[in-house]
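Chain residues, written in single-letter form:
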Amino acid sequence: MYKITLLPGDGIGPDITAATKRILAATGVPIEWDEQIAGECAIPEFGTPLPEQVLQSIRKNKIALKGPLTTPIGGGFRSINVALRKQLDLFANLRPARTYPGIRSRYEDIDLVIVRENTEDLYAGVEHMVGEDAAESIKIITRKGSERICRFAFEYAAKNNRRKVTAVHKANIMKCTDGLFLSVATEVARDYPNIEFEDRIVDNMCMQLVQKPENYDVLVAPNLYGDIISDLCAGLVGGLGVAPGANVGTDYAVFEPVHGSAPKYAGQDIANPTALVLSSVLMLRYLGEDAAADQVENALATVIAEGKTVTYDLGGSAKGMEMAEAVIAKMA
Ligand code: NAI
């Protein structure tokens, strides 16, 4: 029996979580959910968006499946997602982007994996006002942080029969910070002679991904570039509704969709559960439950390809739970 922390989250989170739980139950993989409340929805009861028992639960179970959490823009509390990643030292954010037949996208046959550093860079949020009319943010890149994320990317590539790793940076301008990241990536690459290694400046990378995505395979990037590039790649394969993610550290792993809480669709069960379902597929693979992972992914791909019982963003009119039921019917 796997004991897994479940954070349904805010907005559309509870809807897509219910659909995903239903599909996972149908796999027969024995899971006991330890459901916890985090996000905006936790504030009335706990007075904080990140109650201590959420961290305790993940530390105990070592694994969590998580819906999106609302973060106010500008003022208000700081991102709980960033806090979770920092507190649990979930240093690697793995975001696969692949096309599924039936989803309207600009390309076919895209199969990219973005490995984003999750704890450093401008995302560390070390910033302050300088007087009233200027603000300063500190970009932190360390050898340790760069080395472990680059090694993670190469290990992932080696285990998953990937041919190439591309390091993304702006070392021509940020010679110290991005320069350090690039030089560490180049050093780590020497330990993996069977995997091709190259680097791209981030602006050129964006253009290349739009024009020739087939030239790329695994991308490794510091936090901010990784964040932006992974949304770009989600756009290449049909949007946020189908983009899964995993936050992985040495001791813990938290699986979550790339998208946010889409508050305008909350409580209507019209959001697409695919991104969370695919995040749970990543979780099943992490647990070594590859047969169940294949079963869910193949059934989901069939439902999407048929296009009959899919949500609004995929051109259909099904509710999220109806889509989940259709997936379960294909799993038999
Ligand atoms: P969002 O991803 O929530 O929504 C943007 C648009 O994408 C939505 O209006 C909707 O049209 C579409 N969309 C997203 N997920 C969908 C799904 N499953 N099915 C169908 N359509 C979907 O991004 P937004 O509006 O920028 O952020 C809303 C809130 O979510 C913010 O508070 C933000 O901080 C938070 N957020 C949380 C994340 C997390 O918990 N990991 C990640 C990104 C944003």
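Residues numbered from 1 in each chain as written. Predicted model: local features only at pLDDT ≥ 70, side-chain atom pairs only at ≥ 80, totals over all residues. Heavy atoms only, no water.

1. Brief notes about the overall build of the chain
Item 1. The helix and strand inventory of the chain stands at 11 helices and 12 strands.
Item 2. Within the chain, the proportion of its 332 residues that are buried is 54%.
Item 3. Once local pairs closer than 6 in sequence are excluded, the contacts in the chain between residues at least 24 apart make up 73%.
Item 4. Carbon and sulfur atoms make up 51% of the accessible area of the chain, which amounts to about 14,600 Å² in all.
Item 5. On the chain, the mean spot of the 34 positive side-chain charges and the mean spot of the 43 negative ones are 2 Å from each other. (Helix = DSSP H or I, 4+ residues; strand = E, 2+ residues; numbered from the N terminus. Buried < 20%, exposed > 50% of the residue type's maximum accessible area, 1.4 Å probe, protein only. Contact = heavy atoms within 4.5 Å. Areas by Shrake-Rupley, 256 points an atom, 1.4 Å probe, with all protein chains shown as cover. Lys, Arg positive; Asp, Glu negative; His and termini not counted. Charge placed at Lys NZ, Arg CZ, Asp CG, Glu CD.)

2. What about a nonpolar patch on the surface?
Item 1. A cluster of nonpolar residues, Val126, Ile138 and Ile140, forms a patch on the protein surface that exposes about 190 Å² of accessible area.
Item 2. Taking the relative accessible area as the measure of exposure, Val126 reaches 36% and is therefore partly exposed. (Patch = residues over 30% accessible without salt bridge, like charges linked within 9 Å, V, L, I, M, F, W, Y side chains within 5 Å. Salt bridge = Lys/Arg side-chain N within 4 Å of Asp/Glu carboxyl O.)

3. A closer look at unusual backbone geometry
Item 1. Unusually for a residue other than glycine, Asp121 sits at a positive phi of about 70 degrees.
Item 2. With respect to the element layout, Asp121 can be found in the loop between β5 (111-117) and β6 (127-130).
Item 3. In the Ramachandran plot, Asp269 falls in the positive-phi region, its phi being about 55 degrees despite a non-glycine side chain.
Item 4. Mapped onto the fold, Asp269 is located in the loop between β12 (253-257) and α9 (274-286).
Item 5. Using a relative accessible area of 17% as the deciding quantity, one classes Asp269 as buried.

4. Comments concerning the site of the ligand
Item 1. Surveying the vicinity of the ligand reveals 21 residues, the closest of which are Leu69, Thr71, Gly260, Ala262 and Tyr312.
Item 2. A distance of 2.8 Å separates an oxygen atom of the ligand from a polar backbone atom of Thr71.
Item 3. At 2.7 Å from an oxygen atom of the ligand is found a main-chain nitrogen or oxygen belonging to Gly260.
Item 4. With the chains in place, 71% of the 810 Å² that the ligand exposes on its own is no longer accessible. (Near = heavy atom within 4 Å. Polar contact = N/O pair within 3.5 Å; in protein donor to acceptor, adjacent residues only side chain to side chain.)

5. Section: helix α5 (residues 143-159)
Item 1. Between its first and last C-alpha, α5 extends 24 Å over 17 residues, near the 24 Å set by a 1.5 Å rise per residue.
Item 2. Looking only at α5, the buried set comprises Gly145, Ser146, Arg148, Ile149, Cys150, Phe152, Ala153, Phe154, Tyr156 and Ala157.
Item 3. Asn161 lies just past α5 and shows a positive phi near 50 degrees. (Expected span 1.5 Å × (residues − 1).)

6. Some details on the nonpolar core
Nonpolar side chains in soluble globular proteins generally cluster together in the buried interior.
Item 1. Among the nonpolar cores identified, the biggest contains 81 residues, and Val115, Leu209, Val220 and Ile229 are the most heavily contacted of them.
Item 2. Tallying contributions element by element places helix α10 (residues 290-306) first for this core, with 8 residues.
Item 3. Here this core spans two domains, since at least three of its residues come from each of domain 1 (1-94 + 241-332) and domain 2 (106-237).
Item 4. Dropping the residues within four chain positions of it, Ile229 is found in contact with Ile114, Val168, Val202, Met205, Cys206, Leu209 and Leu219.
Item 5. Within the second largest apolar cluster, 14 residues are counted, among which are Leu55, Leu69, Leu84 and Leu90. (Core = buried A, V, L, I, M, F, W, Y, C linked by side-chain atoms within 4.5 Å. Domains from an automatic or database assignment.)

Keep in mind these numbers describe shape, not what the thing actually does.
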